[in-house]
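What follows is the residue order along each chain.
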Amino acid sequence: MSVSTAALDSSVCAPLPVLGQDVTVPLVTGGEVTYAALDYAASAPALQRVWDDVAAYAPYYGSVHRGAGYLSQLSTDLFENSRRTVAEFLGCRADDQVVFTRSTTDSLNLLAAAIPAGCQVFVYETEHHASLLPWRDAQVTYLNAPRTPGQAVETLERALADRDPYGPALVCVTGASNVTGELWPVKELAAAAHAHGARIVLDAAQLAPHHPVDIAELDVDWVAFSGHKLYAPFGSGVLAGRADWLQAAEPYLAGGGASRKVARRADGGVDVDWHTTTARHEAGSPNVIGVYSIASACKALTEAGFDTLVAREQELVRRVREGLAEVPEVQVLSLFGDDAPRVGVISFVVRGWNSSHFAAALSAEYGIGVRDGLFCAHPLVRTLLGSDPQDPGECGAPEAEPGERSLNAIRVSFGAGTPDEHIERFLRAVSELVRQGAQWKYRTEDGRCVPDRGEAVRTV
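As the structure is a computational prediction, the values presented were derived from the model and not from experiment.

Caption draft 1: Structural context of the sheet that holds strand β9 (residues 222–226). With respect to topology, seven strands assemble into an open sheet ordered β4-β10-β9-β8-β7-β5-β6, the strand pairing being mixed. Of all strands in the sheet, those bounded by a partner on one side alone are β4 (97–101) and β6 (139–143). Across this sheet, the average inter-strand angle for adjacent strands is 20°, counted without regard to direction. In the packing of helix α4 (residues 104–114) onto the sheet, the strands contacted are β4, β7 (169–174), β8 (199–203), β9 and β10 (237–241), and the crossing angle to β9 comes to about 150°.

Put into structure tokens, the structure is as follows:
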């Protein structure tokens, strides 16, 4: 298969500068090559703009909300201005709150801890574990994987129609699948939820980095996402949306910052008056740099022109899908079909290949980083692969020999910082591996498929 650079070049915009774009990695076959980071769905590389903003702030580092000194005051202003920037980026309503967390997982666990007693939760089996698993203290209804967006809405409407109409209810749904990249009908699902007296939280971990998210326009009650998928460093996340459930709940963490007043009682106990603002769920010293990096990323994406970035990414999606379609042995995984709109996240399996072996060969022989496994969405990937829930397979390399069929998949993901050359190299590598086989022997070591440093299988 021949892939021309001209076919990949998009006139709409160039990729945004990201950290690591010039990093070289060794090849098992000899020499080095510039690393092709195609694992954005796990963690996107930080934008250079974000890193520069953080570096400029670093000398002025100070504890927020707790100091009268200049650096503390400056850091407090930066922290709260970042909150306003994120609210604007998400199209928050006037009375919405933006709470800073550690990640999407942390955000959804915070919300799970804040839902009212007796709340019924409705969640599709297609969700990432971050939105599938936090609802341990609620009555949960797991919805089967739909095969069309319309079926997703119909399934939810039927489930909500059968619920207790007088108690609180919450629907949790992804905006874009972390396995297939397909966009879900969020606005229609929100309308269905509200028509039946339920609320809805949007897991935007894979949507926000690839597509504008507007809380008011989508009419969702909450949005959760992670900084490390939005071109910011690890360790920060957001839960944004309605304040009432959050204000009524016990603080997510008890400690300094969450408490407005603490006093000893005559009987020796302690009385606590908790904050009703965002501080209620932000106990402890916050990750100011992480928060600022999210705000910087929001600004960078907005200033670059999100619509333009989306158009370029869609061109890359088109080229990857067309390139994979030229290899008969490749099966792309999909819930909603080939025509479904999607972001730059594509999972596939290769007939005759163990997925971990294929991903290891992409890395060791071509310097391409992808992901293999079940992508912390085990029920969804098993459904897409048509496997039994008891069949082997897990997140990470299975204990299988190269060449054995695996019940895992390979995921390639990309975004605003992906150069055209990385897509070209990936498609060429897939074609060569399928047509010619791997150049090297591989083995499973500590749960990972790695090159065997012995003799090559074939010569180039």
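This is not the end of the story, as more comes after the structure.
Caption draft 2: Summary view of the pairing of β8. Most of β8 is tucked away, with five of its five residues classed as buried. In β8, alternate side chains face the same way, and those of R199, V201 and D203 on one face and I200 and L202 on the other are all buried. Across five bridges, β7 lies against β8 in parallel orientation. Following the sheet pairing, V171 is matched in β8 by I200.

Caption draft 3: Region of interest: helix α7 (residues 186–195). Considered for burial, the residues of α7 that qualify are V186, L189, A190, A192 and A193. Relative to the axis of α7, the buried residues are bounded by an arc of 160° and lie together on one face. Where α7 is buried, its residues touch β5 (120–124), α6 (149–161), β7, β8 and α8 (215–218). Once α7 ends, the next one or two residues include G197, with phi positive near 75°.

Caption draft 4: Here's a closer look at the sheet that holds strand β17 (residues 409–413). With antiparallel pairing, four strands are arranged side by side in an open sheet as β13-β14-β17-β16. In this open sheet, the two strands that pair with only one neighbour each are β13 (330–332) and β16 (371–373). Shown here is a sheet whose adjacent strand axes are inclined to one another by a mean of 30°, direction ignored. As judged from the three bridges shared by β13 and strand β14 (residues 345–350), these two strands associate in the antiparallel manner. Directly across from V332, in β14, lies its bridge partner F348. Strands β13, β14 and β17 of the sheet are contacted by helix α11 (residues 306–325), whose axis makes an angle of about 10° with β14.

Caption draft 5: Geometry of the nonpolar core. Among the nonpolar cores identified, the biggest contains 83 residues, and L90 and F225 are the most heavily contacted of them. Among the elements that make up this core, the one with the highest residue count is helix α10 (residues 288–304) (eight residues). With residues near it in sequence (within four places) discarded, F225 still touches V86, L90, S103, T104, A204, A205, A208, L230, G237, V238 and I294. One finds V320, V330, V412 and F426 within the second-largest nonpolar core, a separate group that totals 36 residues.

Caption draft 6: Geometry of the pairing of β7. Burial within β7 is extensive, with six of its six residues counted as buried. Residues A169, V171 and V173 of β7 are buried on one face, and the alternating residues L170, C172 and T174, pointing to the opposite face, are buried as well. Pairing analysis gives four bridges linking β5 to β7, with the strands arranged parallel. When the sheet's bridge partners are listed, F122 is paired in β7 with V171. In this view, the connection linking β7 to its parallel neighbour β8 by way of α7 has right-handed handedness.

Scoring rules and cut-offs
Residues numbered from 1 in each chain as written. Predicted model: local features only at pLDDT ≥ 70, side-chain atom pairs only at ≥ 80, totals over all residues. Heavy atoms only, no water. Pairing = 2+ DSSP bridges. Helix = DSSP H or I, 4+ residues; strand = E, 2+ residues; numbered from the N terminus. Axes fitted to C-alpha atoms, helices over the stretch in contact; angles between N-to-C directions. Contact = heavy atoms within 4.5 Å. Buried < 20%, exposed > 50% of the residue type's maximum accessible area, 1.4 Å probe, protein only. Arc of directions from axis to C-beta. Core = buried A, V, L, I, M, F, W, Y, C linked by side-chain atoms within 4.5 Å. Right-handed = clockwise from strand over helix to strand, strands pointing away.

This is a description of form; function is not addressed.
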